[in-house]
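Summary of the model geometry
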Amino acid sequence: MFKSSFPLWQPLALMVVLLTLLMVVLTQVFESQLRQQHRERLLQLAQLGAGLVHHAVQAGSEPTPGLLTRLLEGSQARLQILDDSGRVLLDSRRDGSVATQPVSVVPPEVSQALAGGIGYDLRSEANVGRVYFLALSLPLIDRVRVIRIAEPEAVLTGWLMTLRFWALLIWMLGLFIVLGVWRWLRLTLEMGRRDAAASQEVQVVARTRDLAMLQRLGSLMSACTTVGSACKVMEPIAEQLLPGARGSIALIRSSRGLELVTQWGGSWPGAIRFGAEECWALLKGNTHLSRDEGVEIQCDHQTQPGSQLCIPLLAQGEALGVFSLMFTDEGQMLAARSVAESMAEQVGLALANIRLRDNLKEQAIRDPLSGLFNRRHMMEFLESQLALSQRRQEPLSILMLDIDHFKNFNDSFGHDAGDFVILRVAKELTELVRKSDLVCRYGGEEMVVICPGTDLAGALDLANKLVVSVAALEFSHNGQDLGRVTLSAGVSCSHGDPISMEALMKAADEALYRAKRCGRNRVEAPEGAVPPPLRLSTPTLPAQTKEPG
Ligand SMILES: Nc1nc2c(ncn2[C@@H]2O[C@H](COP(=O)(O)OP(=O)(O)OP(=O)(O)O)[C@@H](O)[C@H]2O)c(=O)[nH]1
């Protein structure tokens, strides 16, 4: 249940108090105005009365009661004309003169008028209640007259009641409006809060779902052993996490720059291959938005205009590639940024793991000096290939190659130069054999090539090609001319017959031994094998090995 945290009753109470105060003040102002008007009206009546007296005196007579009655028509006031001793000479309520008896007590308003021209008083009168009195002195040539007006306060009270009634009505109307506004405000705020809570809940649900998917992506990717499987895992999750976006991943391929390894959400509107300098994310080392804070800077590998987001795939600070997304509008791109960055982080970590695993695997099976496969891997490979060739009844050949007089070479030029020669010969062998062949360093200056699917004739051909090619190489290291080296090669072959790995190796080793014995720089097959061994016409060592300069 939604509970308001905002104390809405406080502004309501404040508004009611303010409204009440306003009404009280306004009523007071209007009341004082009414009283003022009432007094002015009585004063006007008194002045009119004074005018009547004045005219009558000028005409040598006194005003008649009839005149006074006409003057007071429509009002409840009573008008009296008094002499300076307070005796009533004329009264609008009485017909004819009334001034018979002298007055014992002069009313206060009359005393005030005689003293200062005008006087007021408010007092209770028998049978009438509170009466308002106003007296005005009228000095004539030989005497003074006082015009006195009396009016029951009930007249004014009636007006005040009417005023208070209207004030109360307006106050109640105001209160009704205030309550209405308060209720409307409360409902609006509650609705706003409910909407905010609902949209927050939707966001939390979406975020939780995204986090769960990112976690799932992370755990699946950590189990991937190849870039291909990592891409397969990522594509469906990317389509769910970043709906409506087209995406791609390009990885850095050492010398060739970057190459697209996967794309999703439709065909990628960007280059398949590009240089690292064409991507702002790789240049900056962090996320790049094609349009950021109103500034449009597009990556060069982007071939179509649009809202593109590029995030470098980093592992231990090293860039592995770039994760790119293309959106139909900028708002979508900005909203997807944080999820895309989390995804790129997971992908970068997974790719770094795959690379690390590949490196470790490579290190375990490679010889560190020559980069060739090591002896252990060679034996495993030979074992599996031999079993396969026997099952398929296919040939398999082994070439055992040894650099001639390598001890002399080392002695003459040093071990560094010897290492260099081993490395260069390894490269030459690797370049000349088929992709299905395996070149290994068997030990020291001895190398083995395993050729699945190659018969003896083919193996001899290949061995000859290798021996001739190496003999043609001219070595120079650290500015020193090293001359040339030659190889001796022994070849053995299985034609699918049940020969053991050791026997095959031994046969190649014996053939190599024979090649050494027969003068080196040559290829020998096992004894009795056809075709016969070849004698090569390339120069022999160490006669052609140059002495260190
Ligand atoms: N520089 C260098 N020399 C090596 C390496 N492995 C083995 N050698 C050297 O290769 C030489 C092999 O000598 P030997 O087995 O007598 O053979 P060889 O001198 O080549 O003579 P033949 O094989 O009979 O032609 C030794 O002096 C080893 O020290 C290596 O990794 N680097």
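What counts and what doesn't
Residues numbered from 1 in each chain as written. Predicted model: local features only at pLDDT ≥ 70, side-chain atom pairs only at ≥ 80, totals over all residues. Heavy atoms only, no water. UniProt positions renumbered as here; feature names shortened; annotations may be inferred. Helix = DSSP H or I, 4+ residues; strand = E, 2+ residues; numbered from the N terminus. Buried < 20%, exposed > 50% of the residue type's maximum accessible area, 1.4 Å probe, protein only. Contact = heavy atoms within 4.5 Å. Areas by Shrake-Rupley, 256 points an atom, 1.4 Å probe, with all protein chains shown as cover. Near = heavy atom within 4 Å. Polar contact = N/O pair within 3.5 Å; in protein donor to acceptor, adjacent residues only side chain to side chain. Expected span 1.5 Å × (residues − 1). Pairing = 2+ DSSP bridges. Axes fitted to C-alpha atoms, helices over the stretch in contact; angles between N-to-C directions. Disulfide = S-S within 2.5 Å.

By the naming in an unreviewed UniProt entry, the protein chain is diguanylate cyclase, taken from Ferrimonas sediminicola. UniProt annotates the protein chain under Cofactor (unreviewed entry) with the comment "Mg(2+)". As stated in UniProt under Catalytic activity (unreviewed entry), the record for the protein chain gives "2 GTP = 3',3'-c-di-GMP + 2 diphosphate".

**Let's talk about the overall build of the protein chain**
For the protein chain, the helix and strand inventory stands at twelve helices and 21 strands. A burial count over the protein chain gives 43% of its 549 residues as buried. Put simply, 60% of the contacts in the protein chain that link residues at least 6 apart link residues at least 24 apart. Total accessible area computed for the protein chain in this model is approximately 29,500 Å², and 57% of it derives from carbon and sulfur atoms.

**Here's the deal with the site of the ligand**
In the vicinity of the ligand there are 17 residues, among which His405, Phe406, Asn410, Asp419 and Arg441 approach most closely. Take histidine 405: an N or O atom from its main chain is 2.6 Å from an oxygen atom of the ligand. Calculation on the ligand without its partners gives an accessible area of 650 Å², and the protein chains cover 69% of this total. Sorting the residues of the shell around the ligand by element identifies strand E14 (396-403), helix H9 (406-413) and helix H10 (415-432) as the ones contributing at least two each.

**Description of helix H11 (residues 456-471)**
The first and last C-alpha atoms of H11 sit 22 Å apart over 16 residues, in line with the 22 Å expected at 1.5 Å per residue. Those residues of H11 lying buried are Leu456, Ala459, Leu460, Leu462, Ala463, Asn464, Leu466, Val467, Ser469, Val470 and Ala471.

**Observations concerning the sheet that holds strand E8 (residues 273-274)**
The strands that make up a sheet are held in pairs by hydrogen bonds between backbone atoms, and each pair lies either parallel or antiparallel. Taken in spatial order, the six strands line up as E8-E7-E6-E13-E12-E9 in an open sheet, and their pairing is antiparallel. Edge positions in the sheet fall to E8 and strand E9 (288-289), since each of these pairs with one other strand and no more. Bridge count between strand E12 (residues 307-315) and strand E13 (residues 318-327): nine bridges; the pairing is antiparallel. Directly across from isoleucine 311, in E13, lies its bridge partner phenylalanine 323. On top of the sheet, helix H5 (residues 227-241) reaches strand E6 (246-252), strand E7 (258-264) and E13; it is set at about 45 degrees to E7, its chief contact. This element, helix H7 (residues 330-365), spans E6, E9, E12 and E13 of the sheet and lies at about 25 degrees to E12.

**Some words on the state of the cysteines**
Evaluation of the coordinates by the stated rule reveals zero disulfides. In this structure cysteine 279 is not part of a disulfide, and its nearest cysteine sulfur, from cysteine 299, lies 4.1 Å away. On the basis of relative accessibility, which here comes to 0%, the residue cysteine 279 falls in the buried class. Distance from the sulfur of cysteine 310, which forms no disulfide, to the nearest cysteine sulfur (cysteine 299) is 4.0 Å. For cysteine 310, a relative accessible area of 1% gives the class buried.

**Regarding unusual backbone geometry**
Positive phi, normally seen in glycine, also occurs at glutamine 393, with a value near 60 degrees. Tracing the chain through its elements places glutamine 393 in the loop between helix H8 (375-392) and E14. Taking relative accessible area as the criterion, glutamine 393 reaches 54% and is therefore assigned exposed. The backbone phi angle of asparagine 478 is positive, close to 50 degrees, even though this residue is not glycine. Since its relative accessible area comes to 70%, asparagine 478 is described here as exposed.

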